[in-house]
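# Structure at a glance
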Amino acid sequence: MIPTVPVPAKDGIANPAPLGLCAFGMTTVLLNFTKAGFIDISSMILAMGIFYGGLAQVIAGIIEAKKNNTFGLTAFTSYGFFWLSLVGLIVMPSLGWIPKTSESGMAAFLGMWGLFTFLMFFGTLKLNRALQFVFGSLTILFILLAISEETGNKNLSQFAGYEGIICGLSAIYTGIANLLNEVYGKTVLPIGPVA
């Protein structure tokens, strides 16, 4: 049995941000291990994309809505559905349900997510430095991935993989920092609050 530490919540609803950030971060790190060339894409990546990167983030986003956090709702549900749609783009063609997306199509998909992330970045300017780093590095990742898809540049794709690992690790850090800071009632891991 896992011991629980009660943390008083003002509204009686637990903070979903650690779940959403860790789900995003761990799935992002694993996918970018493939881009960096450390592992091959496999059912492990796809399952993480569906269940942790996808469904867990959507659940976190719905809880953010209950907490009246529009930014959290928009971010977590959007990126949760990003992961679900990405897995769909990989799996559905292999099942013969739809044609495989062209390189230009994938570049457009990733480019639109880059634009969305860039716009979401402006919301982080009122939050904290850790989220600014997550969204800033994610914007760069989407741009690098879009360009590498369009040009077929394997070196750029590999570089994007390394950058994506950093982005994912920063999301994990931010999620764990939120969790530990809340549990201990003090700053255990700094997130750089905006003054």
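What counts, and where the lines are drawn
- Residues numbered from 1 in each chain as written.
- Predicted model: local features only at pLDDT ≥ 70, side-chain atom pairs only at ≥ 80, totals over all residues.
- Heavy atoms only, no water.
- Core = buried A, V, L, I, M, F, W, Y, C linked by side-chain atoms within 4.5 Å.
- Buried < 20%, exposed > 50% of the residue type's maximum accessible area, 1.4 Å probe, protein only.
- Helix = DSSP H or I, 4+ residues; strand = E, 2+ residues; numbered from the N terminus.
- Contact = heavy atoms within 4.5 Å.
- Phe/Tyr/Trp six-rings, centres within 6.5 Å; stacked < 30°, edge-to-face > 60°.
- 1 Å grid on protein atoms, 1.4 Å probe; cavity = no way out; pocket = protein on both sides within 12 Å on 5 of 7 lines; lining within 4 Å.
- Points joined across faces, edges and corners; volume = space filled by probe spheres on them.

### A short note on the nonpolar core
Judged by nonpolar contacts, the single largest core of 32 residues is most densely connected at F24 and Y79. For this core, the secondary structure elements donating two or more residues are helix 1 (17–36), helix 2 (43–66), helix 3 (70–94), helix 4 (103–124), helix 5 (129–151) and helix 6 (154–184). Among the elements that take part in this core, helix 5 stands out by supplying nine residues, more than any other. In contact with Y79, other than residues within four places in its own chain, are F24, G53, Q57, W113, F116, T117, F135, L138 and F142.

### Here's the deal with the packing of aromatic side chains
If you walk through the whole model with that rule in mind, you get 15 aromatic pairs. For the ring pair F33 and F38, a centre distance of 5.8 Å and an interplane angle of 80 degrees mean the geometry is edge-to-face. Plain terms: the ring middles of F118 and F122 are 5.1 Å apart, the flat faces sit at 75 degrees to each other, and that makes the pair edge-to-face. Linking F118 with F122, this pair stays in helix 4, spanning four residues, or about one helical turn. Aromatic rings pair up to connect F24, F71, Y79, F82, W83, F109, W113, F116, F135 and F142 into one cluster.

### Points about the side chain of N178
Here N178 is to be found in helix 6. Once you skip the residues sitting within four places of it in the chain, N178 turns out to touch N15, P18 and L21.

### What about empty space enclosed by the protein?
Scanning all chains against the criterion turns up one cavity of 30 Å³ or more. Put simply, the largest cavity is a space of about 40 Å³. Around the largest cavity, the lining residues are L31, I45, L46, W83, L86, V87 and I90. Every element with two or more residues in the lining of the largest cavity is listed here: helix 2 and helix 3. It is helix 3 that contributes the most residues to the lining of the largest cavity, four residues altogether.

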